[in-house]
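Structural features, examined
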Amino acid sequence: MTRVKKKSFLLATLLTPLILPAIVFVIVYFGTKDKTSNLDEIIVLDESGYFTDVFAESGYDFEYVTGTLDDAKATMKERGAFGLLAIPSLDLDDKSKTSYTGFAFYSKTNPSFRVLEDFEKTISSTLESIKLERSGLDQEVLKSLDARVSLESFNLTDEGEESKSNAGLSYAIGYGTGFLIYIFIFVYGSQIMQSVLDEKSSRIVEVIVSSVRPFQLMMGKVLGVGAVGFTQLLIWVVLIGGLSTVGISILGAGSEQAMEAMSQGQNVDLTQGQEMATQIQEMINTIPIGKIVFSFLFFFLGAYFLYGALYAAVGSAVDSIQDAQQFMLPIVLPILAAIMSMFFVLEDPNGGLAVTLSLIPFTSPIIMMARIPFGVPDWQLALSMILLIVGFIGTIWMAGRIYRVGILMHGVKVNWKTIIKWFTMKV
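Let us look at the structure shown here. (Residues numbered from 1 in each chain as written. Predicted model: local features only at pLDDT ≥ 70, side-chain atom pairs only at ≥ 80, totals over all residues. Heavy atoms only, no water.)

1. What about helix α3 (residues 113-135)?
Taking 1.5 Å per residue as the helical rise, α3 with its 23 residues ought to reach 33 Å, and the 33 Å between its terminal C-alpha atoms agrees with that figure. Restricting attention to buried positions, one finds in α3 the residues Val115, Phe119, Thr122, Ile123, Thr126, Leu127 and Ile130. Here the buried face of α3 lies against β1 (42-46), β2 (62-65) and β4 (104-107). (Helix = DSSP H or I, 4+ residues; strand = E, 2+ residues; numbered from the N terminus. Expected span 1.5 Å × (residues − 1). Buried < 20%, exposed > 50% of the residue type's maximum accessible area, 1.4 Å probe, protein only. Contact = heavy atoms within 4.5 Å.)

Here it is in structure tokens:
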């Protein structure tokens, strides 16, 4: 209650659903914004003669030069140009040749991957156009041969019922929920460890344990901080859900009536907003929202209890944050392994790696949340939940045995041998 009543907590909780989308928007905007205006002049040495004015519409500031490559390098240095694009002489009459080498780009600093990719695409498309023109083939006929296919995906149950699926949305939800659990473990686990350290350093804990058992104190710490995180999470779910519902309603005002009229055979033109709202609603209908929300809350709590107890045990064993670093590696490694494996799991949600990691308690909260939007057999989900319950009960018991001794120890040089001794000690 002390943490929740703070103005900083209320402000952070209420503003985060607004600040995070704003940060993402700014990152995406500047990440996709055309950066070519930031480049200096680029010198082009075209020995083939095929690329005259080809780069004029690419957005770069180009200047064509003639002479040798050394002369072009000297010109680049003299002008203070950003780079030099050297194009060798080419023999396009050899129809059997499809690969060309000798192209080079010289620059003062390492160019970005995007710059090189732009040049490669422009050069390739120019050479293809020239070879196509020399072949005498009609370009319009070739264009008419293009066949673009849009493949829709459906989930088919054993009873023969089908429902539309959306792989892109499933990927986004799987990554988002898994990453959110990853962040919460670090944030609130660190809060538990810091809180235990503060009470131990101030000797307040020596007064408290005269009234309660050390294990009760540890569980109170874990449950208290966990309740803060759970409260914050619920507020975010309600806010984001409410804002999304209101936004879709405003965006697609009148769309239900229009869709009903269309179902009756009437010709109705949907506005852009109504079309967007309809598409968003169709995308939402392709995912099991209830199952995802319930699973997320379960795995969030399971991961928190499992790792929170370990953070509390480390905090009780040391006298400072610096001393805690040597004991953090075994806690952090499974979390990092899960977040790094998540990219492979999202590519193959039902593969052996995905199934295995989603059943191991230390990695299952992140990996299982990445799999659920793609569809997980009920027995695997149930088994993962059972194993997670067993896992956090085990870690709480183990952490409690360390906590009961470590919380009263001061000025002791702690190592792994000491931790094992505390664990086996009878008190």
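2. Here's the deal with the sheet that holds strand β3 (residues 83-87)
Sheets are built from strands paired through backbone hydrogen bonds, the pairs being either parallel or antiparallel. The strand order β2-β1-β3-β4 describes an open sheet built from four strands, whose pairing is mixed. The sheet is open, and its two edges are formed by β2 and β4, each paired on a single side. Shown here is a sheet whose adjacent strand axes are inclined to one another by a mean of 20°, direction ignored. One ladder, built from four bridges, connects β3 with β4; its direction is antiparallel. Bridged to Ala86 within β4 is Ala104. Against the sheet, helix α2 (residues 69-79) makes contact with β1, β2, β3 and β4, and its axis sits at roughly 160° relative to β3, the strand it touches most. (Pairing = 2+ DSSP bridges. Axes fitted to C-alpha atoms, helices over the stretch in contact; angles between N-to-C directions.)

3. With respect to the nonpolar core
Counting residues in hydrophobic clusters, the biggest one holds 73 residues, and the most contacted among them are Ile181, Phe299, Tyr307, Ile366 and Ile372. Listing elements by their share of this core, those giving two or more residues are α5 (167-201), α7 (214-251), α10 (289-317), α11 (321-347), α12 (352-357), α13 (364-371), α14 (378-406) and α15 (416-424). When residues of this core are assigned to their parent elements, the largest contribution, 17 residues, is made by α10. Residues in contact with Tyr307, not counting those within four places in the same chain, are Ile185, Ile331, Pro334, Ile335 and Phe362. Membership of the second largest hydrophobic core comes to 17 residues, among which are Phe62, Phe82, Leu85 and Leu90. (Core = buried A, V, L, I, M, F, W, Y, C linked by side-chain atoms within 4.5 Å.)

4. Brief notes about a nonpolar patch on the surface
Among the surface-exposed residues, Leu10, Leu11, Leu14, Leu15, Leu18, Ile19, Ile23, Ile27 and Leu243 lie close enough to one another that they form a single nonpolar patch of about 840 Å² accessible area. Sorting elements by how many residues they give to the nonpolar patch places helix α1 (residues 7-32) first, with eight residues. Within the secondary structure, Leu243 is located in helix α7. (Patch = residues over 30% accessible without salt bridge, like charges linked within 9 Å, V, L, I, M, F, W, Y side chains within 5 Å. Areas by Shrake-Rupley, 256 points an atom, 1.4 Å probe, with all protein chains shown as cover. Salt bridge = Lys/Arg side-chain N within 4 Å of Asp/Glu carboxyl O.)

5. Remarks on empty space enclosed by the protein
Here the idea is plain: a probe the size of a water molecule rolls over the atoms and shows the empty space left. Summed over all chains, the structure comprises one cavity of 30 Å³ or more. Considered as a void within the structure, the largest cavity measures approximately 40 Å³ in volume. Along the walls of the largest cavity sit Ile181, Phe184, Ile185, Tyr188, Phe300, Ala303 and Tyr304, which together make up its complete lining. For the lining of the largest cavity, the secondary structure elements donating two or more residues are α5 and α10. For the lining of the largest cavity, the leading source of residues is α5, giving four residues. When its residues are assigned to classes, the lining of the largest cavity shows seven nonpolar, no polar and no charged. (1 Å grid on protein atoms, 1.4 Å probe; cavity = no way out; pocket = protein on both sides within 12 Å on 5 of 7 lines; lining within 4 Å. Points joined across faces, edges and corners; volume = space filled by probe spheres on them. Nonpolar A, V, L, I, M, F, W, Y, C, P; charged D, E, K, R; others polar.)

6. Examining the packing of aromatic side chains
A complete count under the given rule lists 16 aromatic pairs for this structure. Residues Phe62 and Phe119 carry aromatic rings whose centres are separated by 6.0 Å and whose planes lie at 65° to one another, so their mutual orientation is edge-to-face. Of this pair, Phe62 sits in strand β2 while Phe119 is found in helix α3, placing the two residues 57 residues apart along the sequence. Classification of Phe62 as buried rests on a relative accessible area of 15%. Each residue in the set Tyr175, Phe179, Tyr182, Phe186 and Phe343 is aromatic and connected to the rest through ring pairs, giving one cluster. The ring of Phe423 carries the charged tip of Arg401 above its face, separated from the ring centre by 5.5 Å. (Phe/Tyr/Trp six-rings, centres within 6.5 Å; stacked < 30°, edge-to-face > 60°. Lys NZ or Arg CZ within 6 Å of the ring centre and 35° of its normal.)

7. Observations regarding the layout of surface pockets
Of the volumes computed, that of the second largest pocket is approximately 520 Å³. Lining of the second largest pocket is provided by 21 residues; of these, Tyr100, Phe103, Ile123, Ser124 and Leu127 occupy positions nearest its centre. Looking at the lining of the second largest pocket, the elements that each hand over two or more residues are β4 and α3. The leading source of residues in the lining of the second largest pocket is α3, at 11 residues. Residue composition of the lining of the second largest pocket, grouped by class: 11 nonpolar, four polar and six charged.

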